[in-house]
Amino acid sequence: MSEPDTGDLITIIGKSMGYVLALPPLAATDDFFGAGGDSRRAMEVLSELVVRYGPDDSARAERLHEELVLAMFDDSTPQALAVVFERY
């Protein structure tokens, strides 16, 4: 199975964000917190994404999760989080 490309990652992240907010998928530049998200829901999204699409190695998965948390509070758009995901 091939890794998702950036466009796919943006779509996957946007769908996950929309799902936890009971909204349609967020677009690439939609802000999660601006759409009604909070820190609890943000952690829910990030944890699910790392489990489903992150690296199999637990140490790398933990580092990815930590980087995503920092990124989420800097720029909480699907596009910005996809950039972090691509590094793993």
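This one's a predicted model, so the numbers in the text were calculated from it and none came from an experiment.

Engineer: Teacher, can you tell me more about the confidence of the model for the protein here?
Structural biologist: Do not read the predicted coordinates in detail wherever pLDDT is low. For the protein, per-residue confidence averages 93 on the pLDDT scale, and residues scoring 70 or more make up 93% of the total. When pLDDT is averaged over each helix and strand of the protein, the minimum, 93, is found for helix H1 (residues 6-20) and the maximum, 96, for helix H3 (residues 58-74).

Engineer: Looking at this structure, how should I read the pattern of salt bridges?
Structural biologist: Oppositely charged side chains can form a pair if their charged atoms are brought close together. Tallied over the full model, the rule gives four salt bridges. Across the pair Arg41 and Asp38 runs a salt bridge whose closest N-O atoms are separated by 3.5 Å. Here Asp38 falls in the partly exposed class, since its relative accessible area comes to 29%. A salt bridge links Glu67 to Arg87; the shortest N-O distance between them is 2.9 Å. Within this pair, whereas Glu67 is found in helix H3, its partner Arg87 is found in the segment after helix H4 (78-86), the two being separated by 20 residues in sequence. With a relative accessible area of 29%, Glu67 lands in the partly exposed category.

Engineer: Can you help me understand H3 in this one?
Structural biologist: Because an α-helix packs 3.6 residues into every turn, residues spaced three or four apart end up facing the same way. With 17 residues, H3 should cover 24 Å at 1.5 Å per step; its first-to-last C-alpha distance of 24 Å lies within 8% of that length. Those residues of H3 lying buried are Ala61, Leu64, Leu68, Val69, Ala71 and Met72. Structurally, the start of H3 carries an N-cap: the backbone nitrogen of Ala59 is 3.2 Å from a side-chain oxygen of Asp57.

Engineer: Which parts of the structure should I look at to understand the nonpolar core?
Structural biologist: General note: in soluble globular proteins, nonpolar side chains tend to be found buried as a group. Grouped together as the largest cluster of nonpolar side chains are 23 residues, with contacts concentrated most on Ile13, Met17, Phe32, Leu68, Met72, Leu81 and Phe85. Breaking this core down by element, the ones donating at least two residues are H1, helix H2 (39-53), H3 and H4. When residues of this core are assigned to their parent elements, the largest contribution, six residues, is made by H3. Sequence-distant contacts of Leu68, that is, excluding residues within four places in its chain, are made with Leu46, Val50, Leu81, Val84 and Phe85.

Cut-offs used in this document
- All residue numbers refer to positions counted from 1 along the written sequence of the respective chain.
- In keeping with the model being predicted, local features are shown solely for residues with a pLDDT of at least 70 and side-chain atom pairs are shown and tallied solely at 80 or more, while totals for entire chains, interfaces and linings include all residues.
- Neither water nor hydrogens contribute to the side-chain values; these are computed over all heavy atoms in the structure.
- Each residue carries a pLDDT score, the predictor's confidence in it, ranging from 0 to 100.
- A run of DSSP states H or I qualifies as a helix once it reaches four residues; a run of E qualifies as a strand once it reaches two. Both are numbered from the N-terminal end.
- What makes a salt bridge here is a side-chain nitrogen of Lys or Arg within 4 Å of a carboxyl oxygen of Asp or Glu, nothing more.
- Exposure classes here rest on a 1.4 Å probe applied to the protein chains alone. A residue is buried below 20% of its type maximum, exposed above 50%, and partly exposed in between.
- What a helix should span is 1.5 Å times the count of its residues minus one.
- Polar contacts, as counted here, are pairs of nitrogen or oxygen atoms within 3.5 Å of one another; within protein the pair requires one atom able to donate a hydrogen and one able to accept it, and residues that are adjacent in sequence qualify only if both atoms are side-chain atoms.
- Grouping buried Ala, Val, Leu, Ile, Met, Phe, Trp, Tyr and Cys residues that are joined through side-chain atoms within 4.5 Å yields what is termed a nonpolar core.
- Two residues form a contact once any of their heavy atoms are found within 4.5 Å.

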